[in-house]
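Chain residues, written in single-letter form:
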Amino acid sequence: MGVLCGIALMAGWARMMRYRSAKRIAKAADIKLLASLNRDDLKKICGDNLPEWISFPVYEQVKWLNKELTKLWPFVAEAATMVIRESVEPLLEEYRPPGITSLKFSKLSLGNVAPKIEGIRVQSLTKGQIIMDIDFRWGGDPSIILAVEAALVASIPIQLKDLQVFTIIRVIFQLAEEIPCISAVVVALLAEPKPRIDYTLKAVGGSLTAIPGISDMIDDTVNSIVIDMLQWPHRIVVPLGGIPVDISELELKPQGKLALTIVKATNLKNMEMIGKSDPYVVVYIRPLFKYKTKVVDNNLNPTWDEKFELIAEDKETQSLTLEVLDKDIGQDKRLGIAQLPLVDLETQTEKEIELRLLSSLDTLKVKDKKDRGTLTIKVLYYQFNKEEQLDALEAEKKILEERKKLKEAGVIGSTMDALDGAVSVVGSGVGLVGTGVVAGAGLVGSGVVAGAGLVGSGIGAGAGLVGSGLGAFGSGLSKAGKFMGRTITGSSRKSGSSTPVNNAQENGGGAKPL
């Protein structure tokens, strides 16, 4: 009898285990099915009865990481201060606006408040890579003082207060088969949502009015550095682990060429008390590579018909910026600005477009709602093949070096200065045709003539020097200092991105094909 009871109990227990196992399997299948549903699917099923506690977070929370970061911050802040001073100060000098003669840190401390990581999203979009998007926010207590100098003005300490940073940082890990299994890291800021860097400026022991427009100059410098160096598609590529690796595939390469003709402007705003404005146009895709047309004196309906060639690195995200300025004694005044997204252009199709000029690309800063006229341009976008990409990339690097030499020689005050229209590809200077760039160099001065040409790997790079106001004349000797070589370029510097000639990041009034 006892044996029979034991057998019955074991059979009952086994039956119950099979039943529970079947229930768990069925429940797991249901949960898996529910997990595959998105928000829209659940709304169709539940209608208006969708529980409020159901959420679909895009980013996973990392509270543990924030706790560790808070403990590590004193050490991280000290190390980061040294890195920022060494890497950002050269950028401040490189992107320094023309109205400022010196811009550097006089004091830099990141404070005691650690940044906060709101969440992390991990993706595997490309084989051999891990892509991580980090929701980064920082409202710290840093102590940052800039030493700002301008012509005829002593150094003024400018303090950045109430600094806040809100951005999404994209980190790409390039995987390798050797320890530490990561050969390189790519870092960039996503363009959407747009990175926000908020701060207020205060003059220490002085007044911001000592340098007119200093706040806007510093804002433009910070914005240019972020857009031109860090904002996607631009990126910083850092090799890791001592593993020999080809990072060329990670760097941003030129995608195409934009042939641009500045035709005319109509009904420009007059900024002069006596007479009319003397307008000219500055064009760029990247702020570091600006070019300008000739000045048309005393005319609110000027015609230029000047041609430029600019390199585009990412047609989907980059834009052409055109700024109309009034040539004046001292600082030139903005007559209007506009932006044309390159994604709106069709490959190998020339279009004539009329752009409405705005007072600012930042709509929040637009106070003057009056009409500022229009700018008419012609554009033609050409897509590079792989060979042309490599040629343009090498040309960009050489051009960056040339601009730095021009700055050292005093021909331009800053690498952010716009070069004259004579420097343009068309008309005189460098032309990008097919897979090569052709240029020439000549030095003309009081009976002395010299010419030089460089040709290498399908690319001819050149610079022309023509005495034009910058020459020193004396005892039969003239020096010329005007750069006349057009360049197509970007650079694969820290950001790993190379961009050619001009580039802009401000957004302007609507474009309407004619």
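So, here is what we can say about the structure in this document. (Residues numbered from 1 in each chain as written. Predicted model: local features only at pLDDT ≥ 70, side-chain atom pairs only at ≥ 80, totals over all residues. Heavy atoms only, no water.)

### As for the sheet that holds strand β13 (residues 319-326)
- In spatial order, the strands read β11-β10-β13-β14; together these four strands make up an open sheet with antiparallel pairing. In the strand order of this sheet, the two ends are held by β11 (291-292) and β14 (333-341), each with one partner.
- With eight bridges joining them, β13 and β14 adopt antiparallel strand pairing. Looking across to β14, one finds that Val 324 is bridged to Gly 336. (Pairing = 2+ DSSP bridges. Helix = DSSP H or I, 4+ residues; strand = E, 2+ residues; numbered from the N terminus.)

### A word on the nonpolar core
- With 75 residues, the main nonpolar core has Leu 260, Ile 262, Leu 320, Leu 322, Leu 375, Ile 377 and Val 379 as its most contacted residues.
- It is strand β5 (residues 153-175) that provides the largest number of residues to this core, a total of eight residues.
- For Ile 377, the contacting residues outside a window of four places in its chain are Leu 260, Thr 261, Ile 262, Val 263, Leu 320, Leu 322, Leu 340, Lys 351, Glu 352, Ile 353 and Leu 355.
- With seven residues, the next largest nonpolar core counts Ile 131, Ala 184, Val 237 and Leu 250 among its residues. (Core = buried A, V, L, I, M, F, W, Y, C linked by side-chain atoms within 4.5 Å. Buried < 20%, exposed > 50% of the residue type's maximum accessible area, 1.4 Å probe, protein only. Contact = heavy atoms within 4.5 Å.)

### Notes on unusual backbone geometry
- Of note, the amide linkage connecting Ile 179 to Pro 180 takes the cis form, showing an omega dihedral of 10°.
- When you line up the elements, Pro 180 lands in the loop between β5 and β6 (182-189).
- The phi dihedral of Asn 267 is positive, around 55°, even though this residue is not glycine.
- Classification of Asn 267 by relative accessible area gives exposed; the value is 54%.

### Remarks on helix α3 (residues 63-94)
- Relative to the 46 Å expected for 32 residues at 1.5 Å per residue, α3 spans just 39 Å between its end C-alpha atoms, considerably shorter than the ideal helical length.
- Of all bends in α3, the biggest is about 60°, found at Leu 72, and the proline Pro 74 comes one to four residues later.
- Within the sequence span of α3, burial applies to Asn 66, Leu 69, Trp 73, Ala 77, Thr 81, Leu 91, Leu 92 and Glu 94.
- Residues of α3 that are buried make contact with β1 (102-109), β2 (116-123), β3 (129-138), β4 (143-150), α4 (214-230) and α5 (386-408). (Expected span 1.5 Å × (residues − 1). Bend = angle between axes of the 7 residues up to and from the residue.)

### Some details on the layout of surface pockets
- The volume enclosed by the second largest pocket comes to roughly 1600 Å³.
- What lines the second largest pocket is a set of 45 residues, among which Ile 84, Val 88, Trp 138, Val 165 and Leu 230 lie closest to the centre.
- Taken together, the residues of the lining of the second largest pocket sort by class into 40 nonpolar, three polar and two charged. (1 Å grid on protein atoms, 1.4 Å probe; cavity = no way out; pocket = protein on both sides within 12 Å on 5 of 7 lines; lining within 4 Å. Points joined across faces, edges and corners; volume = space filled by probe spheres on them. Nonpolar A, V, L, I, M, F, W, Y, C, P; charged D, E, K, R; others polar.)

### Digging into a nonpolar patch on the surface
- A grouping of Met 1, Val 3, Leu 4 and Ile 7 is seen on the molecular surface, where their side chains present a nonpolar patch of about 500 Å² in accessible area.
- Mapped onto the elements, Val 3 comes out in helix α1 (residues 2-35). (Patch = residues over 30% accessible without salt bridge, like charges linked within 9 Å, V, L, I, M, F, W, Y side chains within 5 Å. Areas by Shrake-Rupley, 256 points an atom, 1.4 Å probe, with all protein chains shown as cover. Salt bridge = Lys/Arg side-chain N within 4 Å of Asp/Glu carboxyl O.)

### So, the packing of aromatic side chains
- Going through the model one piece at a time under the given rule, you end up with two aromatic pairs.
- Between the aromatic rings of Tyr 382 and Phe 384, the centroid separation amounts to 6.1 Å while the plane-to-plane angle is 75°, which identifies the pairing as edge-to-face.
- When the ring centre of Trp 232 is taken as reference, the NZ or CZ atom of Arg 235 above it lies at 4.6 Å.
- Looking at Lys 292, its charged tip hangs above the ring of Tyr 280, at a distance of 5.7 Å from the centre. (Phe/Tyr/Trp six-rings, centres within 6.5 Å; stacked < 30°, edge-to-face > 60°. Lys NZ or Arg CZ within 6 Å of the ring centre and 35° of its normal.)

That is the geometry; function is a separate question.
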